[in-house]
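Below, each chain spelled out in residue letters.
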Amino acid sequence: MNVTKNVTMNCATYPSLRDRVVFISGGSSGIGAELVRAFAQQGSRVAFCGTKADGGAALTAELVAAGGHAPWYAACDVRDAHAYQALLRRVIDEVGPVRVLVNNAGRDDRHAMEDVTPEMWDERLALNLKHYFFAIQAVAPAMAAAGGGSIINMGSVSWMRGRPHLVGYTTAKAGILGTRCAQYPRQRVGARSHRHRPPKRAAPRPGRRPAIPGRAVPEDSPGPRPRRPAHAVSGR
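Residues numbered from 1 in each chain as written. Predicted model: local features only at pLDDT ≥ 70, side-chain atom pairs only at ≥ 80, totals over all residues. Heavy atoms only, no water.

1. Brief notes about the overall build of the protein chain
No. 1: Tallying secondary structure elements over the protein chain gives eight helices and six strands in all.
No. 2: Considering the protein chain as a whole, with its 236 residues, one finds that 44% of them fall into the buried category.
No. 3: Considering only contacts within the protein chain whose residues lie at least 6 apart along the sequence, 72% involve residues at least 24 apart.
No. 4: Carbon and sulfur atoms make up 54% of the accessible area of the protein chain, which amounts to about 12600 Å² in all. (Helix = DSSP H or I, 4+ residues; strand = E, 2+ residues; numbered from the N terminus. Buried < 20%, exposed > 50% of the residue type's maximum accessible area, 1.4 Å probe, protein only. Contact = heavy atoms within 4.5 Å. Areas by Shrake-Rupley, 256 points an atom, 1.4 Å probe, with all protein chains shown as cover.)

2. Focus on unusual backbone geometry
No. 1: Phi at Asp19 is positive, roughly 65 degrees, even though this residue is not glycine.
No. 2: Examined against the element boundaries, Asp19 turns out to sit in the segment before strand 1 (21-25).

3. Concerning the side chain of Ser44
No. 1: You can see Ser44 is positioned in the loop between helix 1 (30-41) and strand 2 (45-50).
No. 2: Residue classification places Ser44 among the buried positions, given a relative accessible area of 5%.
No. 3: A distance of 2.8 Å separates the side chain of Ser44 from the backbone oxygen of Leu17, its partner in a polar contact.
No. 4: Discounting residues that sit within four places of it in the chain, Ser44 has contacts with Leu17, Arg18, Asp19, Arg20, Val22 and Phe39. (Polar contact = N/O pair within 3.5 Å; in protein donor to acceptor, adjacent residues only side chain to side chain.)

4. Side note on the pattern of salt bridges
No. 1: Tallied over the full model, the rule gives nine salt bridges.
No. 2: One salt bridge connects Asp77 with Arg79, and the closest N-O pair in it is separated by 2.9 Å.
No. 3: Residue class for Asp77 comes out partly exposed when judged on its relative accessible area of 35%.
No. 4: Among the salt bridges present, the one from Arg124 reaches Asp109, with a minimum N-O distance of 3.8 Å. Within this pair, whereas Arg124 is found in helix 4 (residues 118-146), its partner Asp109 is found in the loop between strand 4 (100-103) and helix 4, the two being separated by 15 residues in sequence. (Salt bridge = Lys/Arg side-chain N within 4 Å of Asp/Glu carboxyl O.)

5. Remarks on the packing of aromatic side chains
No. 1: Per the counting criterion, the structure on display carries three aromatic pairs.
No. 2: Ring geometry for Phe48 versus Tyr73: centroids 4.9 Å apart, planes at 55 degrees, classification tilted. Here the residue Phe48 occupies a position in strand 2, and Tyr73 occupies one in strand 3 (residues 72-75), the gap between them amounting to 25 residues. A single burial state applies to Phe48 and to Tyr73, both of which are buried.
No. 3: Between the aromatic rings of Phe133 and Phe134, the centroid separation amounts to 5.1 Å while the plane-to-plane angle is 80 degrees, which identifies the pairing as edge-to-face.
No. 4: Exposure remark for Phe133: the relative accessible area of 34% places this residue in the partly exposed category. (Phe/Tyr/Trp six-rings, centres within 6.5 Å; stacked < 30°, edge-to-face > 60°.)

Here it is as structure tokens:
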């Protein structure tokens, strides 16, 4: 079954993913939508959320037209931890225990350091980091009862490269390393924890421009590239 919109996918089939409940935040566009397609191709029971009430309609229609099952979709602001956890409880009640959680939702709007306010700082961390933990907290008990699973936290190389005009985003993405609260689900939930840093330009956005007038965002930041910490390579 080919469920990719523009690219024919030739990939391995993993029987262990068939009928597994997979939840993907920010799944209506970009990398998230590609993840929805990929898990649907594996025969998983996919659930995802986005910011708009009709945000999942086009992708759902595409998957059904390709012969797949209709995914579960609902709109939610992941910055609202209480509402987001309530949505995840609905997924568990209506679809089943989440066996694969993909924390993907985020946004990397450019901003100058001098323009950052306390409110903006809190919003950047809420959108790019906070919801990761509260999603893990919400799905962990049912995941444990079902026999365990996988937690995938989408990271970024931006903080490692010292990208300019992204301090709120890069700080949040660096903090994902600290979600080795994944130590909690690994030891007590039987879940594998993964951090994935998409390669540069993994999800191109045509026509996108820097948000700061008159300031080009350089392809590479000045100065030496920080060395990768050993645990980022080995997973320990």
